[in-house]
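Each chain, letter by letter, is given below.
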Amino acid sequence: MVTADDIARIEVLAELDTELREQLARAAADLTLLPGEYAVLEGGEQALFGLLAGRIEAVKTTEGVETVVGERQPGAIFGEVPITLGAVFPVGFRAAEESRVLRIDARSYHAVASVHPALVEQVGTLAAHRMSGPRGLQGIAANPPPPRAVVVGERFDPDCAEIRHFLDNNQITFVWVRPDEPDATERWGGPLPARADWPALRAVDGEAVARPTLRGVAELLELATEPQHDEYDVLIIGAGPSGLAAAVYGASEGLSVVVVERHAPGGQAGTSSRIENYLGFPSGVSGDELARRALEQARRLGAEILVTRSIDRIDPDTREVHLDGKDVLRARTIIVACGVTWRRLGIKADRLAGKGVIYGIVRSEAATTHGLDVHIVGAGNSAGQAAMFLSSHARSVTIICRGERLQKSMSQYLIDQLRTRENIDVFFHREIVAVLGEDSLEAIEVRDNRTDETSTRPSDALFIMIGADAETAWLPPEIALDDHGYVRTGADAQASGMWPLARDPYLLETSVPGIFACGDVRLGPVKRVAAAVGEGSMAIAFVHQYLRELDAVAAPG
Ligand SMILES: Cc1cc2nc3c(=O)[nH]c(=O)nc-3n(C[C@H](O)[C@H](O)[C@H](O)COP(=O)(O)OP(=O)(O)OC[C@H]3O[C@@H](n4cnc5c(N)ncnc54)[C@H](O)[C@@H]3O)c2cc1C
């Protein structure tokens, strides 16, 4: 319990009269922190902290890498910047050794400050000092850490594009050096690798690899690829919004959780330039920011997240899950959260995939369209978002739409936004019938589906967003699917005739008891981030119910 005497040991509070100190003592929380424990995380709500004993360090986390940027000794405060600016914590504060800290919430601080203006002045002066100067927050912002990787490779090399997309989706900052750039050698940091070795990647510590696989890239950059245990309470397939939500809830409720992601966390949502309809983000949030936060949250709560690993096979009887590369894990429950995959265009467009033809959109790709004429096939929200995003870089963006209007498939807010950009055009009643170019995309052939006339349009890049399909052929036959590969759950699983138990399946349970499905891969009408997050969280409630059943059966007597 914090006392008025404890309050007096904090330098800026020592001048307060006894009554105010007692008022603060009554409102203050008394925190005992073990080494490594956080008093407040980066992004935490404003509050004022005073250090009574021990040592606290200020920690800035960039791309999962923590840097200690300051320190507090007993008698000092922290939180002066957020409380002065009414903002969240720009850095986290954690115990460097066992420490005792008092925490005064913003409302109690302001109540005392209103009758003791000198306190506001003192705290404000300290805040100004912390923000300015090379060692202050300004200095930290002016000296961001160096990029974690440098990639050298050509624009139309699909392997190079794959590595760049992988780094992007894993939120690894990197520099892409094109071999024909005049300062390529300087940016790579020495003579370029031989052409046969492109793409090559160098990590920030200097180690370089030629033509790496994605697994190799992940390992070089110390992303987790190997499971730490043989058995888990919950194994989640896919780290999109639904899988990450399940990981957060599962890990926070004490279950051992592993997420297996074949590419990079974030899923489809991770590629969205701006999600405007997710609750709690009034001015929208980019998909990679949402994914970054969710990933950090899941990891902090103790979930293991493996990347560049995919599941080849599940044995429903033994609950063995076979990963690529022969690892076998056992899981008491499994959550299938593997989402959907972009539908292919056909018309032999894939021969130029990565060479100007791109499925979906990756944020880093936008900058490569600077000054170019690009096309988007598709008329859904993802196509609208992509058009808005690309229009800030490309010279022109043309949406190729089969129908006569966008209203059928795109939200009105996006249609309104598209109208505000002069370099966005929409071609209605048009279909792409061919992609032209030998080594890279040069033009597209477009047919008017009213007149059957075709025309050729020069094109520097073609983004294909014509919907997505569930890729579930690898699931065991015991898991009931609909005709399009979506996983049946709850009443739909029961209606399939494959449900084996006397009890009804839980809402998100597949036709195999203890295997659940959530998010876009599940048969259901809503394909949205909020629905995926909601279902991922709900799946864990059903996991608990199922595990209770298992334990009851296993209990003696
Ligand atoms: C460009 C774009 C913009 C969008 N904008 C919005 C928006 O503004 N608002 C909105 O509400 N929704 C939006 N959506 C839809 C939303 O992103 C999806 O509904 C949501 O991401 C579904 O989440 P999910 O976790 O079910 O699946 P996904 O996001 O598809 O994630 C599934 C994950 O599983 C992984 N995976 C697949 N198979 C395997 C396997 N065998 N082994 C291991 N891993 C596997 C995939 O790599 C992927 O990371 C958008 C979608 C796109 C593409």
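Numbers given for residues are sequential positions, taken from 1 along each chain in its written order. pLDDT decides what is reported in this predicted model: residues at 70 or higher carry local features, side-chain atom pairs at 80 or more are listed and counted, and totals for whole chains, interfaces and linings draw on all residues regardless.

Draft legend 1. The overall build of the protein chain, seen in detail. For the purposes of this entry, the term helix denotes a DSSP run of H or I that reaches at least four residues, the term strand denotes a run of E that reaches at least two, and both are numbered from the N terminus. Helix and strand counts for the protein chain stand at 16 helices and 29 strands. Between the two quantities, the radius of gyration covers C-alpha atoms and the globule rule is 2.2 Å times the number of residues to the power 0.38. A globule of 557 residues ought to have a C-alpha radius of gyration of about 24 Å, and the protein chain, at 27 Å, matches this closely. Seen along its three principal axes, the alpha-carbon backbone of the protein chain occupies a region of about 85 × 75 × 50 Å. Three exposure classes are used. Buried residues have 20 or more other C-beta atoms within 10 Å of their own C-beta, exposed residues have 12 or fewer, and partly exposed residues fall in between, all C-beta atoms being placed from the backbone. The buried share of the protein chain, taken over its 557 residues, is 41%. A pair of residues counts as a contact when their C-beta atoms, built from backbone coordinates, are separated by no more than 7 Å. Put simply, of all contacts in the protein chain between residues at least 6 apart along the chain, 65% involve residues at least 24 apart.

Draft legend 2. Region of the structure containing the confidence of the model for the protein chain. The predictor's confidence in any single residue is recorded as pLDDT, a number from 0 to 100. Mean pLDDT over the protein chain: 91, with 97% of residues reaching 70 or higher. Predicted confidence in the protein chain is weakest over helix α6 (residues 137-142), with a mean pLDDT of 64, and strongest over strand β29 (residues 515-517), with 98.

Draft legend 3. Local environment of the pairing of strand β17 (residues 320-323). Side-chain alternation along β17 places Val 321 and Leu 323 on a buried face and Glu 320 and His 322 on a face that remains uncovered. One bridge is not enough; two strands pair if DSSP finds at least two bridges between them. Across 4 bridges, the pairing between strand β16 (residues 311-315) and β17 is antiparallel. Among the inter-strand pairings, Arg 313 is bridged to a residue of β17, identified as His 322. Taken together, the 3 bridges between β17 and strand β18 (residues 328-336) define a ladder with antiparallel strand orientation.

Draft legend 4. Quick peek at the domain arrangement of the protein chain. Where each domain starts and ends follows an automatic or database-derived domain assignment. The domains assigned to the protein chain are domain 1 (4-142), domain 2 (149-220), domain 3 (231-340 + 470-554) and domain 4 (349-466). Computed from C-alpha coordinates alone, the two centres of domain 3 and domain 4 are separated by 32 Å. Domain 3 puts 6 residues into the contact, and the matching count from domain 4 is 9 residues. By the convention adopted, Pro, Cys, Tyr, Trp, Phe, Met, Ile, Leu, Val and Ala count as nonpolar, Lys, Arg, Asp and Glu as charged, and the other residues, Gly among them, as polar. By residue class, the composition of the side of domain 3 that touches domain 4 is no nonpolar, 3 polar and 3 charged.

Draft legend 5. Structural context of the site of the ligand. To decide nearness, the C-beta atom of each residue is placed from the backbone, and the residue is near a molecule or strand if that atom lies within 6 Å of it. Taken together, the neighbourhood of the ligand is formed by 36 residues, with Gly 238, Gly 240, Gly 267, Gly 339 and Gly 519 sitting nearest. When contributions to the shell around the ligand are tallied by element, the ones reaching two or more residues are α10 (241-252), α13 (381-390) and α16 (529-554). For the shell around the ligand, the residue count by class is 13 nonpolar, 17 polar and 6 charged. The residues that make up the shell around the ligand include at least three from each of domain 3 (231-340 + 470-554) and domain 4 (349-466).

Draft legend 6. Just the environment of Asp 482, in detail. Within the fold, Asp 482 resides in the loop between β28 (468-469) and α15 (490-495). We classify Asp 482 as partly exposed; it has 13 C-beta atoms within 10 Å. Along the chain, Asp 482 and Ile 237 lie 245 residues apart, while their C-alpha atoms are 19 Å from each other. If we ignore the near neighbours within four places in the chain, the residues touching Asp 482 are Arg 488 and Leu 523.

Draft legend 7. Just the pairing of strand β26 (residues 454-458), in detail. Burial within β26 is sparse, with just 0 of its 5 residues counted as buried. Sheet topology places strand β25 (residues 443-448) next to β26; 5 bridges connect them, and they run antiparallel. Residue pairing across strands places Ala 443 opposite Pro 458, the latter belonging to β26. As consecutive antiparallel partners, β25 and β26 are separated by 5 residues, and within that stretch Asp 452 has a phi angle of approximately 70 degrees, a positive value.

Draft legend 8. Here's a closer look at α13. Here α13 lies mainly inside the structure; 9 of its 10 residues are buried. Residues Asn 381, Ser 382, Ala 383, Gly 384, Gln 385, Ala 386, Ala 387, Phe 389 and Leu 390 constitute the buried set of α13. Looking at the buried side of α13, the elements it contacts are α12 (363-367), β21 (373-377), β22 (396-400), α14 (412-419), β23 (424-427) and β27 (461-464).

Draft legend 9. A look at the sheet that holds strand β6 (residues 77-78). A sheet is described by the order of its strands in space; here 4 strands give the open sequence β1-β8-β3-β6, paired in antiparallel fashion. This sheet does not close on itself; its edge strands, each paired only once, are β1 (29-33) and β6. Pairing geometry for strand β3 (residues 47-53) and strand β8 (residues 99-105), over 6 bridges, is antiparallel. Along β8, the bridge assignment pairs Gly 50 with Leu 102. Simply put, an axis is a line fit to the C-alpha atoms, just over the touching stretch for a helix, and the angle between two N-to-C directions goes from 0 to 180 degrees. Here helix α4 (residues 106-115) sits on the sheet in contact with β3 and β8, set at roughly 70 degrees to β8.

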